[in-house]
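Remarks on the overall topology
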Amino acid sequence: MDNGYFFCGIGGSGMLPLAAIIKARGANVSGSDRSLDAGRMAAKFDYLRSLGIDLHDQDGTGLQPGQTLVASAAVEDSVPDVVRARELGLARKARPELLAELLNAAATSIAIGGTSGKSTVTGMTGWILHEAARKPTVMNGAVMKNFAGPHAPFASALVGDPDLFVAEVDESDGSIALYRPTVALVNNISLDHKSMDELRSLFANFMKAGTHAIFNADDEEARAIAPEGAKGFGFDPANDPAYRGHDLELHDEEVRFTLSHDGEVYPVHLPMPGRHNAMNALAALAATHAVGVELADGAAALARFAGLKRRLERVGEHHGITVYDDFGHNPDKIAATLETMRARGRRLLSIFQPHGYGPLAKMGEELAATFADHMGEDDRLFLPDPVYQGGTVDKARGSDWLAHAVREAGAHAIHIAERDDIAKEIAADARPGDIVLVMGARDDSLIAYARDLLEAIGGQQH
């Protein structure tokens, strides 16, 4: 650790919290990011500097002899930092390799996997442990509002005891195979980045690698691969979960249910909407119980859980029109979000920015079917062009293709290339009682976009 680490792409949702944790442990940390070079997301980089992290242009000049280069597998070999690291003969680590080193070295660790809900379950788990005075170190891919404040606006990491480590772990690059956690939790398994066969194998091995395996008993795929001795959580009594939720009440801004475990019952109140968040709460309660937190204490902590940024986050309201910002980007997440919002019986105006051309090629049909199945006849879907981060990519399927596929499936969708033009359209069209929903991943500028959209609505006469 002596010569420190250089993070290439340090502003990324998985890189920033890892850099913050490594820095807090006393290592020298520096980095670069193309968003920094482009003058985007200044507040995020100011925050990194406030932690004592040096930032450089992504031109290779920031690297020093003896450093270890940390870069995601997606970083091309032609990036100047990578070229310079090779010239200097620096060691290179992928982000998950470094994360696995920290997690595997901890005496107690909770690794949270699954296609959807990882960040939320990680945030809930970290909060429960924090409230139980266990001082966890938490590595999350989203900002945890309970830990955010003026001095930590990007609190996707919580620095605590190195021997109690909580992290969300990703299956998209196969790196989930690196982890040896005390508790291996699988929230759900569905098509996202890899084929179902690959996912089944990765998640089955992940659960076997944990001292304790915990799985979503209501998820058919997770149930099918759970090893012997694994404990399930869920609402369906037919699946015989060890941690069973029942008497679920879904309200506009909260859920309530009762948890049964070993003959005892515990009331749970979560100040977040949606059945999927009730499942996330069950997951976090099961995970923390496995490392010694009483279920009653866990439930009490969840009543004060503030949620995560960009996870069905209420941005505000003008003229009776409410704007929400959400990370939904795969069929599962989008279905959960639309289901939660549709339950309110209000017209839904949704903007979905695809998180790249690749995902449209891989799961375009499923995305189209999900939107069509979960939209009402008065609902409207607006599709700007996908996020494009550079590099070579097949653009055969864009947002125009997706809009057409959604229309073919029977719902109302329109492709408008520029999202600022969509904002004007929605601001003029939205009427009192409507819900406006901004969805998409891998683009932090959507946070500001949702706020600007709310202001534009406020400026209209309704």
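The paragraphs below set out a description of the structure included in this document.

About the cut-offs
Residues numbered from 1 in each chain as written. Predicted model: local features only at pLDDT ≥ 70, side-chain atom pairs only at ≥ 80, totals over all residues. Heavy atoms only, no water. Helix = DSSP H or I, 4+ residues; strand = E, 2+ residues; numbered from the N terminus. Rg over C-alpha atoms; globule rule 2.2 N^0.38 Å. Buried < 20%, exposed > 50% of the residue type's maximum accessible area, 1.4 Å probe, protein only. Contact = heavy atoms within 4.5 Å. Areas by Shrake-Rupley, 256 points an atom, 1.4 Å probe, with all protein chains shown as cover. Lys, Arg positive; Asp, Glu negative; His and termini not counted. Charge placed at Lys NZ, Arg CZ, Asp CG, Glu CD. Axes fitted to C-alpha atoms, helices over the stretch in contact; angles between N-to-C directions. Parallel < 35°, antiparallel > 145°, perpendicular 65-115°, else oblique. Left-handed = near helix turned anticlockwise from the far one by under 90°. Nonpolar A, V, L, I, M, F, W, Y, C, P; charged D, E, K, R; others polar. Arc of directions from axis to C-beta. Pairing = 2+ DSSP bridges.

Attention shifts here to the overall build of the protein. Check the secondary structure of the protein and you find 15 helices and 21 strands. Against the globule reference of 23 Å for 462 residues, the protein gives a C-alpha radius of gyration of 22 Å, in line with a compact fold. Across the 462 residues that make up the protein, the buried fraction comes to 55%. Here the analysis covers contacts within the protein between residues at least 6 apart in sequence; of these, 67% occur between residues at least 24 apart. Element-wise, carbon and sulfur atoms account for 46% of the exposed surface of the protein, whose accessible area totals about 18500 Å². Each charge sign in the protein was given a centre, from 44 positive and 65 negative side chains, and these centres are 2 Å apart.

Here the focus is the packing of helix 1 (residues 15-24) against helix 5 (residues 95-105). Two elements in contact, helix 1 and helix 5, have axes separated by 11 Å at closest approach and are oriented at 45°. Regarding the angle of helix 1 to helix 5, the classification is oblique. Read as a crossing pair, helix 1 and helix 5 show a hand that is left-handed. Across the interface between the two elements, Met15, Leu18, Ile21 and Ile22 of helix 1 pack against Arg95, Leu98, Leu99 and Leu102 of helix 5. Split by residue class, the contact of helix 1 with helix 5 holds seven nonpolar, no polar and one charged.

Further remarks concern helix 13 (residues 399-408). Considered for burial, the residues of helix 13 that qualify are Ser399, Leu402, Ala403, Ala405 and Val406. Seen from one end, helix 13 has its buried residues packed into an arc of 165°, which puts them on one side. The inward-facing, buried residues of helix 13 abut strand 18 (348-353), helix 12 (357-374), strand 19 (380-383) and strand 20 (413-415). Of the residues trailing helix 13, Gly410 is marked for its positive phi of about 105°.

Bringing the sheet that holds strand 11 (residues 212-216) into the picture now. Pairing is mixed in the open sheet, where ten strands are placed in the order 8-7-9-6-10-11-12-13-14-15. Of all the strands in the sheet, just strand 8 (157-158) and strand 15 (264-270) have a single pairing partner and so form its edges. Where strand 10 (residues 183-186) lies against strand 11, four bridges are found, and the strand directions are parallel. The residue of strand 11 that forms the bridge with Ala184 is Ala213. Across the face of the sheet, helix 1 comes into contact with strand 7 (136-139), strand 8 and strand 9 (161-168) while running at roughly 150° to strand 7. Sheet contacts for helix 6 (residues 118-131): strand 6 (108-113), strand 7, strand 8, strand 9, strand 10 and strand 15; angle to strand 9, the most-contacted strand, approximately 155°.

For the rest of this paragraph, the subject is unusual backbone geometry. One non-glycine residue, Asp240, adopts positive backbone phi at about 50°. Take Asp240: its relative accessible area is 65%, and that puts it in the exposed class. Not every positive phi belongs to a glycine, and Asp262 is a case in point at roughly 50°. Locating Asp262 in the fold gives a position in the loop between strand 14 (255-261) and strand 15. By relative accessible area, which is 69% here, Asp262 ends up exposed.

Most of strand 6 sits inside the fold, with five of its six residues counted as buried. Inspection of the sheet shows strand 6 paired to strand 9 by five bridges, in the parallel sense. Within strand 9, the residue paired with Ile110 across the bridge is Val166.

Here we come to the sheet that holds strand 18. Hydrogen bonds along the backbone pair up the strands of a sheet, which may run parallel or antiparallel. Here we have six strands laid out as an open sheet, ordered 16-17-21-18-19-20, and mixed in their pairing. Since the sheet does not close on itself, it has two edges, and those belong to strand 16 (313-318) and strand 20, each with one partner. Neighbour-to-neighbour, the strand axes of the sheet open up by a mean angle of 20°, direction not taken into account. When strand 17 (residues 321-326) meets strand 21 (residues 435-440), the two strands line up parallel, connected through five bridges. Paired with Val323 across the strands is Val436, a residue of strand 21. Helix 11 (residues 331-342) contacts strand 17, strand 18 and strand 21 of the sheet and is inclined by roughly 170° relative to strand 21.

So, to be careful, I would describe these as geometric facts and stop short of saying anything about function.
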